[in-house]
Amino acid sequence: MVVWAAVLTAFALPLRHALVATDTYLSGYWATVTDGDELDHFAWRDPQGRTVRGAVRGVPEDGVWDEEGEGTSSIAGDRVWVSAQGVAHISESPAQQDMVVGYAGAGVVLGVVLLVSRARHQARRAPHEALRGT
């Protein structure tokens, strides 16, 4: 019984982590930067169409480099993910990484449990099959 409680806990913790991250991700939104050439002052539109200004996490302090290797501080046209608290992140949401870790962890635990259960089932069945002569 203690083993199953440990297994359930080992499955539930990463699954909870993933579900919280999914909720965080879904409560935010994706936007396109519409204006901003200063590193800490960019603009984008929220889902209601209002212009929001603020910093974007993940923009290097020395600016952004274009395809020709020219340095610029403009990220206009780039996509940002904005959390429900209004914190913008360039390119990807930190919640996406947490979702991957959580769901993968729960999947690994589930896979191990299935393999162990199958092995135990086969081990229990083997002596009975030997007695029957199969």
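Quick note: structure is the one above.
Owing to the predicted nature of the structure, the values given are computational and were not obtained by experimental measurement.

### What to know about the pattern of salt bridges
If you walk through the whole model with that rule in mind, you get 1 salt bridge. Two residues, aspartate 46 and arginine 50, come together in a salt bridge whose shortest N-O distance is 3.0 Å.

### Focus on the pairing of strand S2 (residues 41–45)
Direction of pairing for S2 relative to strand S3 (residues 51–54): antiparallel, over a ladder of 4 bridges. Residue pairing in the sheet places alanine 43 in a bridge with arginine 53 of S3. Between S2 and S3, which pair antiparallel one after the other, the connecting turn spans 5 residues, and glycine 49 there sits at a positive phi close to 90°.

### Examining the environment of glutamate 92
Its location among the elements puts glutamate 92 in the loop between strand S8 (88–90) and helix H2 (94–132). Taking the C-alpha atoms as reference points, glutamate 92 and arginine 79, separated by 13 residues in sequence, lie 8.5 Å from one another. Apart from residues lying up to four places away in sequence, glutamate 92 is in contact with Trp30 and Gln97. Only 2.3 Å separates the side chain of glutamate 92 from the side chain of glutamine 97, close enough to count as a polar contact.

### Quick look at the side chain of aspartate 46
Looking at where aspartate 46 falls in the secondary structure, it is placed in the loop between S2 and S3. In terms of polar contacts, aspartate 46 uses its side chain to reach the backbone amide nitrogen of arginine 50, at 2.8 Å. With residues near it in sequence (within four places) discarded, aspartate 46 still touches Tyr29 and Val52.

Cut-offs applied
- Residues numbered from 1 in each chain as written.
- Predicted model: local features only at pLDDT ≥ 70, side-chain atom pairs only at ≥ 80, totals over all residues.
- Heavy atoms only, no water.
- Salt bridge = Lys/Arg side-chain N within 4 Å of Asp/Glu carboxyl O.
- Pairing = 2+ DSSP bridges.
- Helix = DSSP H or I, 4+ residues; strand = E, 2+ residues; numbered from the N terminus.
- Contact = heavy atoms within 4.5 Å.
- Polar contact = N/O pair within 3.5 Å; in protein donor to acceptor, adjacent residues only side chain to side chain.

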